[in-house]
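# Survey of secondary and tertiary structure
The chain contents come next:
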2 protein chains.
Amino acid sequence: MKFIFGKKLVDQNEVAIGYNDLALLRGYGLFDFFRYVNFQPLFIDDHLERLYRSADRLRLRCPIGRRQLKMLIHRMIRENGMKDGAVRMILTGGYTENAWSISRPNFYATNEPVRFPDAHHYEKGIKLLSESYLRDVPDVKTINYLMGIYRQPELDAAGAFDLLFHQDGRISELTRSNFYIVDEGGTIKTPVRDILQGVTRKHLLKFASEHYPVMETDITLNDLKTVKEAFITGTTKKVLAVRQVDDRVIGEGQPGPVTLDLMKRFELYCKAWTDKEDSFN
Amino acid sequence: MKFIFGKKLVDQNEVAIGYNDLALLRGYGLFDFFRYVNFQPLFIDDHLERLYRSADRLRLRCPIGRRQLKMLIHRMIRENGMKDGAVRMILTGGYTENAWSISRPNFYATNEPVRFPDAHHYEKGIKLLSESYLRDVPDVKTINYLMGIYRQPELDAAGAFDLLFHQDGRISELTRSNFYIVDEGGTIKTPVRDILQGVTRKHLLKFASEHYPVMETDITLNDLKTVKEAFITGTTKKVLAVRQVDDRVIGEGQPGPVTLDLMKRFELYCKAWTDKEDSFN
């Protein structure tokens with residue numbers, strides 16, 4: 001497998017990071033991740049825009065420019081010959097002189113298969129556990145996922161799919177997904193603050209608003225008592241229904257009609273996107 | 001320079017971590033750090049105990065046992081010939097199959113010079129900026145220092161030394177140090193919850209309690225209005241006075257008599273420690 005390291009395509013075994021990178025010593029770094037279908041990346045420009053914007057926020061200068069990176073990604077996935085898959089791009093704090101200061105960042109991009117949730121999650125909806133937590137610099141896709149991995153045994157024990165983060169009851173997001181409800185009046189609502197600006201979220205809000213009332217606003221755990229549906233979105237989740245949060249069953253306890261409709265519409269939206277002209281042009 | 005990698009002493013350039021370690025992909029890992037004087041480690045058993053306890057908490061199995069590691073550290077600092085210095089030990093989440101699951105951890109230990117704060121910080125005391133923040137799994141020395149590094153430009157602009165973390169006004173700790181006040185009655189108080197169990201803190205509380213009333217309890221930002229002194233401790237800080245938090249001047253705005261006394265006593269305590277029989281025996 002060929003991976004990108006700095007400005008070059010190299011063998012995957014050549015991608016290694018020295019002991020004093022700030023990502024290893026201090027967890028300082030960011031990433032982005034997109035999938036592609038039949039060699040056609042989905043929403044790549046959105047992901048690259050977020051990558052470079054996140055880099056600015058963390059004061060990390062990506063060693064490869066956007067246009068060159070896009071071309072190299074194209075070459076990587078073509079040469080690797082994996083028809084459908086995903087690309088993960090990592091930007092680290094770089095080799096630090098004093099175990100604290102930012103340096104020249106290391107950048108690499110890997111090519112991997114995509115893993116979607118099991119079919120039964122799509123059919124029955126998922127259970128979430130609420131967790132009082134706010135991600136560090138939440139609008140940046142930092143590499144800090146410590147809380148999610150730390151709590152994984154509790155999720156497994158509870159038969160839950162993921163954590164639902166909130167602060168004093170105000171819901172923000174999941175470890176790796178955005179959150180939505182369908183309220184009693186049929187409006188799709190999604191948290192507006194302290195979230196990652198998800199790329200799937202951006203596109204979902206766009207096409208959903210052509211068919212439903214949509215609102216970005218605060219949502220609380222208390223609101224879940226009366227909502228009719230809840231769902232999440234993410235690059236590897238697409239649209240996935242939520243049937244339960246802690247002990248609280250959402251609506252009918254199964255994927256609702258709005259969620260099911262959005263699941264179908266999203267598949268069509270993605271197909272239209274990847275079927276259109278080569279997005280590398 | 002020789003470093004420890006896994007169970008072996010290797011050249012420092014051989015210490016590199018592959019692209020799919022959970023520390024790089026997800027910031028999942030922990031570390032510990034101690035200093036040594038004249039080849040004699042300070043409080044090494046406390047640091048090793050915390051390292052292995054932290055590993056248990058994060059479900060990471062250190063690939064080298066405690067006794068073997070201690071011997072290898074001894075060999076490393078002897079062979080490197082740096083008389084005074086520090087050892088940093090990193091334990092990562094390991095090479096992950098799915099960018100999420102814990103695997104066999106990577107472990108390495110490096111040997112580096114110690115950098116203490118500038119003399120003027122010890123003479124005049126430091127300024128802190130308060131920050132509403134709670135470290136993830138605060139009793140574990142995780143590698144997540146994103147917030148501290150992210151806020152560094154604000155510290156520099158304000159002439160501040162570090163952040164003082166609190167939740168709704170209840171103080172916990174600094175990015176890399178424990179916090180203490182001397183109250184109006186002359187009692188030394190230090191936060192008891194949501195903190196790293198500092199090794200310097202442990203020893204300071206021990207010897208300070210022979211001379212002063214000492215209490216582990218909640219402390220709020222509001223309490224700083226009336227305290228007589230404040231100070232911090234840490235492996236590379238030793239005992240360091242705090243003269244100001246945000247716009248609030250602490251006591252007389254300079255190192256107070258209790259802090260100055262503890263600074264001296266700590267130097268003597270460390271000297272007695274490293275002068276005694278070889279702590280590797």
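Every chain begins its residue count from 1, and numbering advances along the sequence as written. Throughout, the order in which chains and ligands are written sets their labels, letters from A for the former and numbers from 1 for the latter. Local features in this predicted model are restricted to residues whose pLDDT is 70 or higher, and side-chain atom pairs enter the listing and the counts only when it is 80 or higher, whereas totals over whole chains, interfaces and linings include all residues. Just so you know, side-chain values use all the structure's heavy atoms and leave hydrogens and water out.

### What to know about the relation of the copies chain B and chain A
The condition is simple: A least-squares fit on C-alpha atoms brings the copies together, and the residues used are those whose pLDDT is at least 70 in both copies.
Mapping chain B onto chain A is achieved by rotating through 180° and translating by 0.0 Å along the same axis, at an RMSD of 0.0 Å. Those values place the two copies in the arrangement expected of a two-fold rotation axis.

### Re the environment of W273 of chain B
All names here are of chain B. Inclusion rule: Each helix is a run of DSSP H or I of at least 4 residues and each strand a run of E of at least 2, with the numbering of both proceeding from the N terminus. Exposure is judged per residue with a 1.4 Å probe applied to protein chains only, and the accessible area is read against the type maximum: over 50% gives exposed, under 20% gives buried, and values in between give partly exposed.
With respect to the helices and strands, the residue W273 is situated in helix α8 (residues 257–275). Residue W273 is classed as partly exposed on the basis of its relative accessible area, which comes to 21%. Expressed as a C-alpha distance, the spacing of W273 and P41, which sit 232 residues apart in the sequence, is 9.1 Å.

### What to know about the interface of chain B and chain A
Keep this limit in mind: Any two residues whose heavy atoms approach within 4.5 Å are treated as being in contact. Accessible surface is computed with a 1.4 Å probe, and the buried area is the amount of it that two parts give up when combined, taken over both parts together. Here, a salt bridge means any side-chain nitrogen of Lys or Arg that lies within 4 Å of a carboxyl oxygen of Asp or Glu. Identification of polar contacts relies on pairs of N or O atoms within 3.5 Å, with a donor-acceptor requirement for protein atoms, meaning one able to donate a hydrogen and the other able to accept it, and with residues adjacent in sequence counted only if both atoms are side-chain atoms.
The interface of chain B with chain A comprises 46 residues on the first partner and 45 residues on the second. Here chain B packs against chain A, burying approximately 4200 Å² in sum over the two surfaces, 62% of which is carbon and sulfur. Our count for the chain B to chain A interface comes out at zero salt bridges. Put simply, chain B and chain A have 24 residue pairs in polar contact (both at pLDDT 80 or more) between them.

### Quick notes on the domain arrangement of chain A
Residue and element names in this part refer to chain A. The test is simple: What fixes the domain bounds is an automatic or database domain assignment.
In terms of domains, chain A is made up of domain 1 (2–112) and domain 2 (119–271). The centre of domain 1, based on its C-alpha atoms, is set 27 Å off from the matching centre of domain 2. With 19 residues of domain 1 at the interface, the matching set in domain 2 holds 19 residues. Where domain 1 packs against domain 2, one counts two salt bridges. The salt bridge involving K202 is made with D46; its shortest N-O contact spans 2.5 Å. Remark: the boundary between domain 1 and domain 2 carries seven residue pairs in polar contact (both at pLDDT 80 or more). The set of elements that each furnish at least two residues to the side of domain 1 that touches domain 2 consists of β4 (29–37) and α2 (44–57).

### So, the sheet that holds strand β1 (residues 2–5) of chain B
All names here are of chain B. Condition: Pairing between strands is defined by DSSP: at least two bridges between the two strands are required. To get an axis, fit a line to the C-alpha atoms, keeping to the stretch in contact for a helix; angles then go from 0 to 180 degrees between the N-to-C directions.
As summarised here, the arrangement of the six strands in space is β2-β1-β7-β6-β4-β5, forming an open sheet in which the pairing is antiparallel. Strands at the two margins of the open sheet, each flanked by one partner only, are β2 (8–11) and β5 (40–41). Here four bridges tie β1 to β2, and the two strands are oriented antiparallel to one another. For F5, the partnering residue across the bridge sits in β2 and is K8. Lying over the sheet, helix α3 (residues 66–80) contacts β1, β2, β4 (29–37), β5, β6 (85–92) and β7 (107–112), oriented at roughly 160° with respect to β1.

### Re the packing of helix α6 (residues 199–208) of chain A against helix α7 (residues 257–275) of chain A
Residue and element names in this part refer to chain A. Selection criterion: Here the angle decides the label: under 35 degrees means roughly parallel, over 145 means roughly antiparallel, 65 to 115 means roughly perpendicular, and every other value means oblique. Residues were grouped as follows: Ala, Val, Leu, Ile, Met, Phe, Trp, Tyr, Cys and Pro as nonpolar; Asp, Glu, Lys and Arg as charged; and all remaining residues, including Gly, as polar.
Contact pair α6 / α7: the axes reach a minimum separation of 11 Å and the direction vectors enclose 110°. Relative to α7, the element α6 is oriented roughly perpendicular. Every residue of α7 that contacts α6 at T200, H203, L204, K206, F207 and A208 is listed here: L262, R265, F266, Y269 and W273. Taken together, the residues that form the contact of α6 with α7 break down as seven nonpolar, two polar and two charged.

### Structural notes on the packing of helix α2 (residues 44–57) of chain B against α3 of chain B
Residue and element names in this part refer to chain B. Defined as follows: Crossings are sorted by hand: turned counterclockwise from the far helix by less than a right angle, the near helix makes the crossing left-handed, and turned clockwise it makes it right-handed.
Relative to each other, α2 and α3 sit at 135°, their axes nearing to 11 Å. Taken as axis vectors, α2 and α3 run oblique relative to one another. In terms of crossing hand, the pair formed by α2 and α3 is right-handed. In contact with I44, D45, L48, E49, L51 and Y52 of α2, α3 contributes R66, L69, K70 and I73. Of the residues belonging to the contact of α2 with α3, the class tally is six nonpolar, no polar and four charged.

### What to know about the nonpolar core
We apply this condition: By nonpolar core is meant a set of buried Ala, Val, Leu, Ile, Met, Phe, Trp, Tyr and Cys residues that side-chain atoms within 4.5 Å join together.
Among the nonpolar cores identified, the biggest contains 112 residues, and L69, M89 and F107 of chain A together with L69, M89 and F107 of chain B are the most heavily contacted of them. L69 of chain A has contacts with I4, L48, L51, Y52, I64, M89 and F107 of chain A, leaving out every residue within four places of it along the chain.

### Focus: the pattern of salt bridges
Residue and element names in this part refer to chain A. Using the criterion set out here, one finds 34 salt bridges over all chains in the structure. The salt bridge partner of K70 is D45, with a shortest N-O separation of 2.7 Å. You can see K70 sitting in helix α3 (residues 66–80) and its partner D45 sitting in helix α2, a full 25 residues away along the chain. As a salt-bridge pair, E49 and R53 come within 3.5 Å of each other at their nearest N and O atoms. Of this pair, E49 and R53 are both found in helix α2, four residues apart, which corresponds to roughly one turn of the helix. Here the salt bridges do not stand alone but share partners, grouping E131, R151 and E154 into one network.

### With respect to α7 of chain A
Residue and element names in this part refer to chain A. So the rule is basically this: By definition here, a helix of n residues has an expected span of 1.5 Å times n minus one. Arc definition: directions from the helix axis to the C-beta atoms.
For α7, spanning 19 residues, the distance from its first C-alpha to its last is 27 Å, which sits close to the expected 27 Å at 1.5 Å a residue. Turning to α7, its buried residues are V258, T259, L262, M263, F266, Y269, C270 and T274. One side of α7 carries all its buried residues, which in axial view fall inside an arc of 135°. Turned more than 90 degrees from where α7 packs its buried face, P257, K264, L268 and D275 sit exposed.

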